[in-house]
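# Descriptive analysis of the structure
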Amino acid sequence: MKVAVIYYSSTGTNHALAEAVAAGAEEAGAEVRIRRVAELAPDAAIDSNPQWRRHVDEVAPSVEEATLADLEWADAYAFGTPTRFGLPAAQLKQFIDSASKQWGEGVMAGKAVTSWTSAMNAHGGIESTILALNNVFYHWGCVIVPPGYTDDLLYAAGGNPYGTGHATGADGAPPSAEVLAAARYQGRRLAEIGARLVD
């Protein structure tokens, strides 16, 4: 069972969630690739936020950039993004938009997929971002694997049945232990259900 964890993170929140999702998938016995999508923002924008610049400088050398070959390699996918006005970030959307050849060839069809997100506010578009990502997965013919209400640990993380969501607050608080546990559970559930779909 091979899982590609593909995400965009500007200041590190979704990077932390990606690591937790990957750890959960590995606990279920999956081989995992963690991949970040390309940063599209200009240096002026990145430099305007010290956390953004720090994260780019720290993570870029250590996490490989996602390629379309990762979609072909994987048996299941986990996608993560901050919310941007209730939608996925342009960086992740650009990567998804570049997969038209793979979509046309049915590469992603029949594979399990899940997603997570973050926002500054609890009601800042977390659910709508996950639902927007799901629109892509319907077109791809994937089997969407949400956490649902399948484990009590999800309630401590906010009880989101769509996918893990973290509200950072204005101070940019990192994901709590409870949110990271929910992300690990989501990755484990993806790998377990995805394994049932592998021929």
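In case you missed it, the structure is sitting above this.
The notes below deal with the structure included here. (Residues numbered from 1 in each chain as written. Predicted model: local features only at pLDDT ≥ 70, side-chain atom pairs only at ≥ 80, totals over all residues. Heavy atoms only, no water.)

So, about the pattern of salt bridges. All told, the structure shown has 11 salt bridges when counted by the stated rule. Two residues, Arg-33 and Asp-70, come together in a salt bridge whose shortest N-O distance is 2.8 Å. Highlighted residues: Arg-33 in strand S2 (residues 31-36) and Asp-70 in helix H4 (residues 68-73), separated in sequence by 37 residues. We note a salt bridge from Arg-53 to Asp-47, for which the minimum N-O separation is 2.7 Å. On the basis of relative accessibility, which here comes to 48%, the residue Asp-47 falls in the partly exposed class. Ionic contacts of the salt-bridge type, sharing partners, join the residues Arg-33, Arg-35, Glu-64 and Asp-70 into one network. (Salt bridge = Lys/Arg side-chain N within 4 Å of Asp/Glu carboxyl O. Helix = DSSP H or I, 4+ residues; strand = E, 2+ residues; numbered from the N terminus. Buried < 20%, exposed > 50% of the residue type's maximum accessible area, 1.4 Å probe, protein only.)

Packed helix pairs are specified by the crossing angle of their axes together with the interaxial distance, meaning the distance between the axes. Packing of helix H1 (residues 13-27) against helix H9 (residues 177-197) leaves a shortest axis separation of 6 Å and a crossing angle of 45 degrees. For the element pair H1 / H9, the angle class is oblique. Seen from above, H1 lies across H9 with right-handed handedness. When H1 is examined against H9, the residues Ala-16, Leu-17, Ala-20, Val-21, Ala-23, Gly-24, Ala-25 and Glu-27 are found in contact with a partner set consisting of Val-179, Leu-180, Ala-183, Arg-184, Gly-187, Arg-188 and Ala-191. (Axes fitted to C-alpha atoms, helices over the stretch in contact; angles between N-to-C directions. Parallel < 35°, antiparallel > 145°, perpendicular 65-115°, else oblique. Left-handed = near helix turned anticlockwise from the far one by under 90°. Contact = heavy atoms within 4.5 Å.)

Those residues of helix H5 (residues 90-97) that fall on the buried side of the exposure criterion are Gln-91, Leu-92, Phe-95 and Ile-96. Within H5, the buried residues cover an arc of 135 degrees as seen down the axis, which keeps them to one side. Taken together, the buried residues of H5 touch strand S1 (2-7), H4, strand S3 (76-84) and helix H7 (126-140). (Arc of directions from axis to C-beta.)

In this section: the packing of aromatic side chains. For the coordinates displayed, the defined rule picks out six aromatic pairs. Centroid distance Tyr-149 to Tyr-155: 5.6 Å. Interplanar angle 5 degrees. Geometry classified as stacked. By relative accessible area, Tyr-149 is classed as partly exposed at 49%. The rings of Tyr-77, Phe-79, Phe-137 and Trp-140 are connected pair by pair, giving a single aromatic cluster. Between Arg-33 and the ring centre of Trp-73, over which it is positioned, the NZ or CZ distance is 4.1 Å. (Phe/Tyr/Trp six-rings, centres within 6.5 Å; stacked < 30°, edge-to-face > 60°. Lys NZ or Arg CZ within 6 Å of the ring centre and 35° of its normal.)

Counted residue by residue, S3 has eight buried out of nine residues, so it is predominantly covered. As judged from the five bridges shared by S1 and S3, these two strands associate in the parallel manner. Its bridge partner lying in S3, Val-5 is registered against Ala-78. Bridge count between S3 and strand S4 (residues 87-88): two bridges; the pairing is antiparallel. Note on S4: the bridge partner recorded for Arg-84 is Leu-87. (Pairing = 2+ DSSP bridges.)

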